[in-house]
2 protein chains.
Amino acid sequence: MLPVRSLMLMSIILLMIFSGCSEESPANIPNVAISKPDYVLAIHGGAGVITKENMNEEKELAYQSALNKALDLGEEVLKGGGTSLDAVVAAITFMEDSPLFNAGKGAVFNHDGQNEMDASIMEGKELMAGAIGGVRTIKHPILAARAVMEKSEHVMLVGQGAETFAKEQGLEIVDPSYFYTQQRWDALQNVLKSDPDRSELDHSDRKHGTVGAVALDRHGNLAAATSTGGMTNKRYNRIGDSPIIGAGTYADNGTCAVSCTGHGEYFIRYAVAHSLAAQMEYGHKSLKEAGDHIIHDVLVKAGGTGGLISVDKDGNVYLPFNTEGMYRGFTKPGMREVKIYKE
Amino acid sequence: MLPVRSLMLMSIILLMIFSGCSEESPANIPNVAISKPDYVLAIHGGAGVITKENMNEEKELAYQSALNKALDLGEEVLKGGGTSLDAVVAAITFMEDSPLFNAGKGAVFNHDGQNEMDASIMEGKELMAGAIGGVRTIKHPILAARAVMEKSEHVMLVGQGAETFAKEQGLEIVDPSYFYTQQRWDALQNVLKSDPDRSELDHSDRKHGTVGAVALDRHGNLAAATSTGGMTNKRYNRIGDSPIIGAGTYADNGTCAVSCTGHGEYFIRYAVAHSLAAQMEYGHKSLKEAGDHIIHDVLVKAGGTGGLISVDKDGNVYLPFNTEGMYRGFTKPGMREVKIYKE
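### Looking at the sheet that holds strand 10 (residues 256-262) of chain A
Residue and element names in this part refer to chain A.
- One open sheet accounts for four strands, arranged 9-10-11-12; its pairing is antiparallel. Among the strands making up the open sheet, the edge pair consists of strand 9 (249-251) and strand 12 (317-318).
- Pairing of strand 10 with strand 11 (residues 306-312), which is carried by seven bridges, proceeds in the antiparallel orientation. The residue bridging C260 from the neighbouring strand is L308, located in strand 11.
- Docked against the sheet, helix 8 (residues 272-283) engages strand 9, strand 10 and strand 11, running at close to 145 degrees with respect to strand 10.
- Here helix 9 (residues 287-302) sits on the sheet in contact with strand 10, strand 11 and strand 12, set at roughly 165 degrees to strand 11.

Listed below in structure tokens is the structure:
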């Protein structure tokens, strides 16, 4: 027979074990959307110092309209039973065509006055991926990234090799002057005058104008894509996170699809896009917990500014950012949101 | 007072909880090397179809001698209280100089008959990283990757931009012919004759000859580095996993340092190097559990061949590969191993 004191001690130990066990495994709480939507599409047009004070009504409306149009184009694909891959490509090619965003037409200029673009794409079923870096003549960089994924044995091609490949694949090639916009040119001149050795994250209004899209389709397949002109005044054929699978883009049907925007070097060093998928897979975190951890804790402590858009296999959407604003939106049956500033 | 039966029942419940808890959280079992070594250095010289039958004694001795020499050079740094960064660089520059390995002198040829090299480096304290891709004139690509990390605001530079940067940093620039070796040239000619459209993982003896090093120093800092010539007959400025932080290289003092070798496209898609760190951080796995999962489960199922070397913050070393062999070795106070074939 044990004395009462021993039994009490045993109870305390029991309690400690119980609480210890549940703390170790938040995993056990399932994280399923209340009702899984038929499809989901989320997009971003860059994160940065985007405040109401720096904006005028006309510009605000232009961004809202462009984001809605991109969502329309992607949603049309998903509504018709199309694939998440086709949906993210539809949304991104439109944003590449819009001079409002730092991708395709409207890309920022590098130190030598050239537009040098990066893009990547990934699908979550077979984890196939494609990326291109430092291209100057491909009208839609995202289509070249997709061609690398689908038509080559490689994942990443850069520079002239990537351009040769895109041309062989029949993609639209344009004269580099196609990408010129006065606003981005002026931004480069401002940086060159003030601090020529420093590259700037789209200096004109200090936002990072990278575009991205993530989607879940009716077949349960996830996809993610990202396209960018990189940093104003960048030098030495710098490659940012956008064409790096695991940094700027990731998709895995077992967890989530992610596209990032921000100070790319930090997103590479912390493998931000893959971190979300890994936190969900190995740490059994929810999409929101994983996104908050990397964007609001890890990156904030490191000094890395930016944000991401994400959708998980159950149709949950989360669009966290640690900057003043992020051009963003999402759409699913019966619901659409387009936002610019912090809430 | 409780009857004996109740106490027995309570004991059984206690036992179930204990075993349940340890299954849910293998994390709770600390995974510390029996006594943490003062320093550890591990290296690889590529993984692939390396069998005793394909080897002769002379070649075997040459590889063993080169691996031992690389370990000597790195160990000298660590023994003297030097940093893990200096140690991995010492080991890798030697392997870049050796024509036995597919990095630096002895790099494979691309489709156009050029040597086109990639390298990356990362340190685990501040998670700083540097990488270069597709360079043709930098004698020691790993030194250029380190310069990107330490002397630029960027993480990744490619092509001519990377070469310009390396030159400005005072690194040794050589004529592209410096990298020529008859063996690699013949390998390209063989591929061009047999199947010109297919790139080959170092076709000559079908091994992937990438080199890598990981180290833990006396200050508790981890570092990882990787250098390669990529794939024989590669086209379109293909970039493999070696210069991709998170794919071919990763280091984080909180978990481990990793350098990979193998079919690079798979290592990018599965973010292999970062996966190890993430499995340890979020899944509380041991270094061995994390390495086995990605190399012997995930990659085998996907069809991705290769291996990796890894050392964790407690000085554990693990060098898994799913190919016939991997040139590899490690050294720590009182212990050295150099191996080529599967056990």
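### Structural notes on unusual backbone geometry
- Although it is not a glycine, A:H284 adopts a positive phi angle of roughly 55 degrees.
- Mapped onto the elements, A:H284 comes out in the loop between helix 8 and helix 9.
- Accessibility expressed as a relative area gives 44% for A:H284, which makes it partly exposed.
- Phi angles above zero are rare outside glycine, and B:L127 is one such case at about 55 degrees.
- The residue B:L127 is located in the loop between strand 2 (117-123) and strand 3 (129-135) in this model.

### Overview of the environment of A:K69
All names here are of chain A.
- Relative to the assigned elements, K69 resides in helix 2 (residues 57-79).
- Accessibility expressed as a relative area gives 39% for K69, which makes it partly exposed.
- Taking the C-alpha atoms as reference points, K69 and F94, separated by 25 residues in sequence, lie 8.1 Å from one another.

### With respect to the layout of surface pockets
- Here the largest pocket is characterised by a volume of approximately 910 Å³.
- Taken together, 41 residues form the lining of the largest pocket, with A:G159, A:Q160, B:G159, B:Q160 and B:N237 sitting closest to its centre.
- If you list the elements that add at least two residues to the lining of the largest pocket, you get strand 3 (129-135) and helix 5 (159-168) of chain A together with strand 3, helix 5 (159-168) and strand 8 (238-239) of chain B.
- Split into classes, the residues belonging to the lining of the largest pocket amount to five nonpolar, 21 polar and 15 charged.

### Digging into helix 9 of chain A
- Helix length check: helix 9 of chain A (16 residues) gives 21 Å between terminal C-alpha atoms against 22 Å at 1.5 Å per residue, within 8%.
- Residue A:H293 marks the point of greatest curvature in helix 9 of chain A, where the axis turns by about 30 degrees.
- Residues of helix 9 of chain A that are buried include every one of A:L287, A:A290, A:G291, A:H293, A:I294, A:I295, A:V298 and A:L299, and no others.
- Along its buried surface, helix 9 of chain A packs onto strand 10, helix 7 (264-269), helix 8, strand 11 and strand 12 of chain A together with helix 8 (272-283) of chain B.
- Residue A:G303 follows helix 9 of chain A closely and has a positive phi angle near 90 degrees.

### Observations regarding the sheet that holds strand 11 (residues 306-312) of chain B
Residue and element names in this part refer to chain B.
- Taking strand neighbours across the sheet as the criterion, the four strands line up as 9-10-11-12 in an open arrangement whose pairing is antiparallel. For this open sheet the edge positions go to strand 9 (249-251) and strand 12 (317-318), each flanked by a neighbour on one side alone.
- Sheet topology places strand 9 next to strand 10 (residues 256-262); three bridges connect them, and they run antiparallel. Its bridge partner being in strand 10, Y250 is matched across the sheet by V258.
- With respect to the sheet, helix 8 is in contact with strand 9, strand 10 and strand 11, its orientation differing from that of strand 10 by roughly 145 degrees.
- Across the sheet, helix 9 (residues 287-302) is in contact with strand 10, strand 11 and strand 12; its angle to strand 11 comes to roughly 165 degrees.

### Examining the packing of aromatic side chains
- Scanning the entire structure with this criterion turns up 14 aromatic pairs over all chains.
- Aromatic side chains A:Y178 and A:F179 sit 5.0 Å apart centroid to centroid with 80 degrees between the ring planes, which places their arrangement in the edge-to-face category.
- Judged by centre distance (5.7 Å) and plane angle (65 degrees), the rings of B:F109 and B:Y180 are edge-to-face. Linking B:F109 in the loop between helix 3 (84-97) and strand 2 with B:Y180 in the loop between helix 5 and helix 6 (182-194), this pair joins segments that are 71 residues apart in sequence.
- Its relative accessible area of 3% is what places B:F109 among the buried residues.
- Grouping aromatic residues by their ring pairs yields a cluster made of A:Y63, A:F101 and A:Y327.
- It is A:K105 that lies over the ring of A:Y178; its NZ or CZ is 5.3 Å from the centre.

### Some thoughts on the confidence of the model for chain A
Residues and elements named next belong to chain A.
- On average, chain A scores 89 in pLDDT, and the residues at 70 or more come to 86%.
- For residues 12-33, every residue scores under 50 in pLDDT, and the model assigns this stretch 25 contacts once sequence neighbours within four places are set aside.
- Confidence over residues 202-206 falls short of pLDDT 50; this stretch has 18 contacts with residues more than four positions distant or in other chains.
- Per the prediction output, this complex has pTM 0.89; the corresponding ipTM is 0.88.

### A word on the pairing of strand 7 (residues 222-228) of chain B
Residues and elements named next belong to chain B.
- Most of strand 7 is tucked away, with seven of its seven residues classed as buried.
- One ladder, built from six bridges, connects strand 2 with strand 7; its direction is antiparallel. Bridging from a neighbouring strand, E123 pairs with A223 of strand 7.
- With six bridges joining them, strand 6 (residues 211-216) and strand 7 adopt antiparallel strand pairing. Note that in strand 7 the partner of V211 across the bridge is S227.
- Taken together, strand 6 and the strand that follows it, strand 7, pair antiparallel across an intervening segment of five residues, in which G220 is found at a positive phi of about 80 degrees.

### Topic: the pairing of strand 10 of chain A
- Judged by how many residues are buried, strand 10 of chain A sits mostly within the fold: seven of seven residues are covered.
- Here strand 9 of chain A hands over to strand 10 of chain A after four residues, the two strands then running antiparallel side by side.

### Describing helix 3 of chain B
All names here are of chain B.
- In a regular helix each residue adds 1.5 Å, so 14 residues correspond to 20 Å; helix 3 covers 20 Å between its end C-alpha atoms and thus fits that length.
- Counting buried residues along helix 3, eleven of its 14 residues qualify, which places the element largely inside the surrounding structure.
- For helix 3, the secondary structure elements touched by its buried residues are strand 1 (40-48), helix 2 (57-79), strand 2, helix 4 (141-151), strand 6 and strand 7.

Calculation criteria
Residues numbered from 1 in each chain as written. Chains lettered and ligands numbered in written order. Predicted model: local features only at pLDDT ≥ 70, side-chain atom pairs only at ≥ 80, totals over all residues. Heavy atoms only, no water. Pairing = 2+ DSSP bridges. Helix = DSSP H or I, 4+ residues; strand = E, 2+ residues; numbered from the N terminus. Contact = heavy atoms within 4.5 Å. Axes fitted to C-alpha atoms, helices over the stretch in contact; angles between N-to-C directions. Buried < 20%, exposed > 50% of the residue type's maximum accessible area, 1.4 Å probe, protein only. 1 Å grid on protein atoms, 1.4 Å probe; cavity = no way out; pocket = protein on both sides within 12 Å on 5 of 7 lines; lining within 4 Å. Points joined across faces, edges and corners; volume = space filled by probe spheres on them. Nonpolar A, V, L, I, M, F, W, Y, C, P; charged D, E, K, R; others polar. Expected span 1.5 Å × (residues − 1). Bend = angle between axes of the 7 residues up to and from the residue. Phe/Tyr/Trp six-rings, centres within 6.5 Å; stacked < 30°, edge-to-face > 60°. Lys NZ or Arg CZ within 6 Å of the ring centre and 35° of its normal. pLDDT = per-residue confidence, 0-100.

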